[in-house]
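Architecture and fold: a report
Here is what each chain is made of, one letter per residue.
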Amino acid sequence: MSQPTARNLKRLLPLVLAVSSMWAAVWAAGTSGDLYFTTYKGGADVNKISFNYDGTKLVIGPVVNVAKTDGSDGLIFAPDSELLVGGQGNKVHKINIATQAVVTHTAGGVDAYHMALDPGQQYAWASGIPGGLAKIPLTPFADGTAIPLSGDDVKVTSLAFQDADHAFYTSSGTDGSGNFGTLDLKAFTTHRLIKNLQGGHGMAFDTFTGHLMLFGGENIVQINPANAQIVSTRAFPGSKFDQGTVDGKGHLFVADGNGTVLFVDYVATKKIGDSANYSAQPYVADNMDDVAPLSGLGSNPNPNPNPQPDSLIAVVKALYQDADGDGRIDQAWVEFPKAIAALPTQIQLQDPFNPSTTVTVPAAGIVRIDETHILATFKDKEFTAGTGFDPKPYGKILADAKVFDGASFVIGDGVGPRIASAVSNPPANANDKPTLTVTFSEAMKADPAVGFPFDIKRPGASDPSGKIKVVSVQPAGGNAYVYTFEGSVFPLPGDSLRLKSGATGLADAQGNPSNMKDYVPVGGVLPKVVYQLESKGTGLVTVPKLDGPIPLPNSILVVDQSVSEGGCLNCPPSVNVVISDAVKANYSDTKPFLITLKVNAPFHYDLSFFDNLGVYINKAVGDVSAADLARLRKDKDGNYLLGLAWWPVSSRGGQVGNGAYIAHGTLTTTGDLKTIQGSQGEFRALANKSENVFFTFGYLRR
Ligand SMILES: [Ca+2]
Ligand SMILES: [Ca+2]
Ligand SMILES: [Ca+2]
């Protein structure tokens with residue numbers, strides 16, 4: 001390696017130190033502004049982004065096009081605030097940012113890529129990668145002149161000035177490595193200081209450290225110009241760095257051919273390679289080429305000191321959600337168009353179902369999901385409903401008006417569907433299939449291929465999950481669907497259901513899957529099912545002596561026990577008195593009723609009676625209909641208490657004598673037999689709906 005000349009070192013050093021210490025004291029934290037950059041494939045190839053770094057996190061704005069050229073590479077600002085852009089050939093563009101007008105002049109036959117502003121500000125210098133040097137007049141802007149170089153390197157890439165007559169140069173190809181040295185701008189001779197430096201492609205002078213920052217390939221190199229020693233380096237593997245810049249406040253930006261911009265905060269360390277530095281490398285645009293200087297020669301003489309209103313951050317998308325899955329909206333998911341450094345501190349949200357209700361979510365309820373998304377949660381004030389509604393401007397960021405656009409923003413439906421109701425329909429006839437009518441909380445498509453998309457709970461019985469086979473799903477109007485089942489296992493009244501969380505093929509119109517956490521009871525009617533009643537014991541029933549025994553079609557007389565006189569539902573007029581007496585039951589140790597039932601729905605009875613030798617006595621077949629029940633009193637739970645009294649007259653017309661008898665048959669119901677009391681007196685609480693009856697009882701004739 002060659003050493004720099006003593007003349008070079010002395011010239012630069014005092015100025016650099018004075019400036020850097022001043023900046024360090026004043027600017028310790030952040031930086032913001034506009035970063036202008038080019039892309040290398042034409043089209044909308046001159047652009048800018050806003051950036052804001054608050055000392056902890058870099059935030060960049062969307063890409064804004066500045067102009068279109070027929071080729072662009074390096075770019076600098078002219079003293080008149082127009083952009084000078086190397087045109088990737090024998091041309092230099094000058095762009096009026098306000099009008100987007102582009103004026104192009106030749107570069108004296110030199111291929112113009114990287115640009116540098118001369119310290120005297122009358123000329124710009126264009127150079128190649130590496131290539132010849134051209135001097136471009138700026139007062140006025142005109143065709144350039146090629147300046148042949150001699151010395152160690154006759155082709156150059158980037159220049160960084162020490163003073164009016166002396167610059168540092170790189171001489172580098174597209175791989176990002178190259179030679180580094182000094183250029184005498186009077187003699188136009190070069191003196192190489194470092195050969196084949198990894199990272200020696202782009203270059204910027206940094207007043208903050210007094211050093212040169214070089215960029216190329218994966219590498220950033222910090223060189224002390226006073227002695228040409230490398231102070232610090234850092235590699236960012238995979239990067240294709242080209243031209244970079246510094247803001248003079250300890251922050252560096254480098255364009256990367258992969259489309260990112262590298263940002264490094266070296267305020268505290270003053271060394272670009274220090275691992276303690278904050279760095280970020282956000283994607284900006286495809287075909288990223290170079291960035292314009294942010295400080296020093298070639299930087300914007302009139303940078304925009306204040307963000308324009310259009311740089312306030314607006315919400316791009318927002319959704320109401322139901323985090324705990326109870327069907328009530330309890331949070332808003334909010335998306336911003338770019339990374340946000342600070343969170344909103346107050347968000348106002350309107351209830352879509354009760355427009356007069358708004359909640360204000362304070363900072364404590366606002367959390368970051370990632371760089372561009374936040375959640376505002378208000379579980380303590382969740383809305384009363386919310387799975388399906390139209391998007392409307394329900395949201396507003398109240399605080400942070402300097403950062404966030406305070407306009408109302410639209411919030412859409414981000415809550416998946418729920419079950420509003422489910423009704424079980426048992427088969428009415430032997431060949432029918434059972435069905436379940438499910439009404440969802442909002443419009444959705446129920447895909448039959450999904451099968452049985454519900455979690456089911458069946459208290460006190462075996463879990464039917466996995467045994468339920470769906471054979472079809474048919475729309476039934478509105479948000480209702482009819483699920484038809486194969487086999488005997490299907491949802492019953494008393495079961496409860498919920499939609500499976502995240503079940504595919506079951507989203508609402510917006511594509512939100514369900515996250516229903518609670519269960520909805522299944523309504524409807526129960527199927528006829530047969531159960532075993534007590535079949536032992538010798539209860540004793542009694543009926544007063546019948547003066548005129550007559551055989552009846554039904555030897556079971558159904559009596560309403562809620563009426564003290566014992567109103568009979570199916571008694572012929574001729575037996576009224578008898579039953580009335582029976583209800584009074586003034587006979588010790590005997591009961592007037594063969595069976596006592598508590599029911600909530602119509603039922604069917606089919607019983608036969610035999611004597612203790614098995615001789616047939618009589619039978620009882622009939623129904624207690626809904627119309628019958630409607631005549632009775634209901635208890636507070638909706639049940640009817642009924643007595644089944646035996647009519648002790650044989651089919652041949654004689655009253656039976658004292659003795660043991662056998663009852664055999666079934667009681668079935670479309671509803672629920674709540675309790676049943678056999679002749680021996682025990683009440684049984686039944687989970688079942690129907691009974692097989694087979695028992696003996698004693699009959700005491702009075
Ligand atoms: Ca370039
Ligand atoms: Ca909720
Ligand atoms: Ca929804």
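Residues numbered from 1 in each chain as written. Chains lettered and ligands numbered in written order. Predicted model: local features only at pLDDT ≥ 70, side-chain atom pairs only at ≥ 80, totals over all residues.

Moving on: the overall build of the chain. Of regular secondary structure, the chain possesses three helices and 51 strands. Within the chain, the proportion of its 702 residues that are buried is 43%. (Helix = DSSP H or I, 4+ residues; strand = E, 2+ residues; numbered from the N terminus. Buried ≥ 20, exposed ≤ 12 C-beta atoms within 10 Å, placed from the backbone.)

Spatial strand order, β22-β23-β24-β25: four strands in an open sheet with antiparallel pairing. Where the open sheet ends on each side, the last strands, each with one partner, are β22 (241–246) and β25 (278–280). Across this sheet, the average inter-strand angle for adjacent strands is 15 degrees, counted without regard to direction. (Pairing = 2+ DSSP bridges. Axes fitted to C-alpha atoms, helices over the stretch in contact; angles between N-to-C directions.)

Here the focus is the pairing of strand β41 (residues 520–524). Where a strand is regular, its side chains alternate between the two sheet faces. Here strand β35 (residues 419–425) runs beside β41; their pairing, made up of three bridges, is parallel. Its bridge partner being in β41, serine 424 is matched across the sheet by glycine 524. Note: strand β40 (residues 496–499) against β41, two bridges, orientation antiparallel. Bridge pairing links leucine 497 to valine 520 in β41.

Turning our attention to the sheet that holds strand β37 (residues 454–457). Judged by pairing direction, the sheet is mixed, and its seven strands sit side by side in the order β37-β40-β41-β35-β36-β39-β38 without closing on themselves. Looking at the sheet topology across the chains shown, the edges are occupied by β37 and β38 (469–475). Put simply, the sheet's adjacent strands are angled 30 degrees from each other on average, direction ignored.

What follows concerns the confidence of the model for the chain. Low-pLDDT stretches of the model should not have their predicted coordinates read in fine detail. Model confidence for the chain is summarised by a mean pLDDT of 84, while 84% of its residues fall at 70 or above. Note that pLDDT drops below 50 for residues 306–310; the model gives that stretch one contact with residues more than four away or on any other chain. Counting interchain partners and residues more than four positions distant, the pLDDT-below-50 stretch residues 679–685 has 18 contacts. (pLDDT = per-residue confidence, 0-100. Contact = placed C-beta atoms within 7 Å.)

Let us look at the environment of glycine 327. Its location among the elements puts glycine 327 in the loop between β27 (317–321) and β28 (331–335). We classify glycine 327 as buried; it has 25 C-beta atoms within 10 Å. Once you skip the residues sitting within four places of it in the chain, glycine 327 turns out to touch Asp322, Ala385, Gly386, Thr387, Arg418 and Ser441.

Looking at the secondary structure, you find arginine 192 in strand β17 (residues 189–198). Here arginine 192 falls in the partly exposed class, since 17 other C-beta atoms lie within 10 Å of it. Separated by 39 residues in the primary sequence, arginine 192 and aspartate 153 place their C-alpha atoms 7.0 Å from one another.

Turning our attention to unusual backbone geometry. Proline 130 follows isoleucine 129 through a cis peptide bond whose omega is -20 degrees. Cis peptide bonds are those with omega within 30 degrees of zero, and the linkage from threonine 139 to proline 140 qualifies with 0 degrees. Mapping proline 140 onto the fold places it in the loop between β11 (133–137) and β12 (145–147). The phi dihedral of serine 81 is positive, around 70 degrees, even though this residue is not glycine. Following the sequence through the fold, serine 81 ends up in the loop between β5 (75–77) and β6 (83–86). In this structure serine 81 comes out as partly exposed when scored by C-beta crowding, with 13 C-beta atoms within 10 Å. Residues other than glycine seldom take positive phi values, yet glutamine 100 does so here, at roughly 65 degrees. You can see glutamine 100 is positioned in the loop between β7 (92–95) and β8 (102–105). For glutamine 100, a count of 12 C-beta atoms within 10 Å translates into the label exposed.

Attention now goes to the environment of threonine 384. Residue position: threonine 384 is located in the loop between β32 (373–377) and β33 (392–397). Along the primary structure threonine 384 and asparagine 354 are separated by 30 residues, whereas in three dimensions their C-alpha atoms are 8.4 Å apart.

A few words on the nonpolar core. In this structure, Ala124 and Ala126 are the most contacted members of the largest nonpolar core, which totals 100 residues. Each of domain 1 (8–291) and domain 2 (312–413) gives at least three residues to this core. Ignoring any residue separated from it by four or fewer positions in sequence, one finds alanine 124 in contact with Ile76, Ala78, Leu84, Met115, Ala116, Leu117, Asp118, Ile136 and Leu138. Among the nonpolar cores identified, the runner-up in size contains 34 residues, and Val559, Phe593, Val656 and Tyr699 belong to it. (Core = buried A, V, L, I, M, F, W, Y, C linked by C-beta atoms within 7 Å. Domains from an automatic or database assignment.)

Neither face of β7 is open: one carries Val92 and Lys94, the other His93 and Ile95, and all of them are buried. Of the pairings in the sheet, the one linking β6 to β7 comprises four bridges and is antiparallel in character. Bridged to valine 85 within β7 is histidine 93. Turn length for the β6-β7 hairpin, with the two strands adjacent in sequence and antiparallel, is five residues, and the turn residue glutamine 88 shows positive phi of about 60 degrees. Here β7 pairs with β8 via four bridges, running antiparallel. For valine 92, the partnering residue across the bridge sits in β8 and is histidine 105. The hairpin turn running from β7 into β8, its antiparallel successor, is six residues long, and glutamine 100 in that turn takes a positive phi close to 65 degrees.

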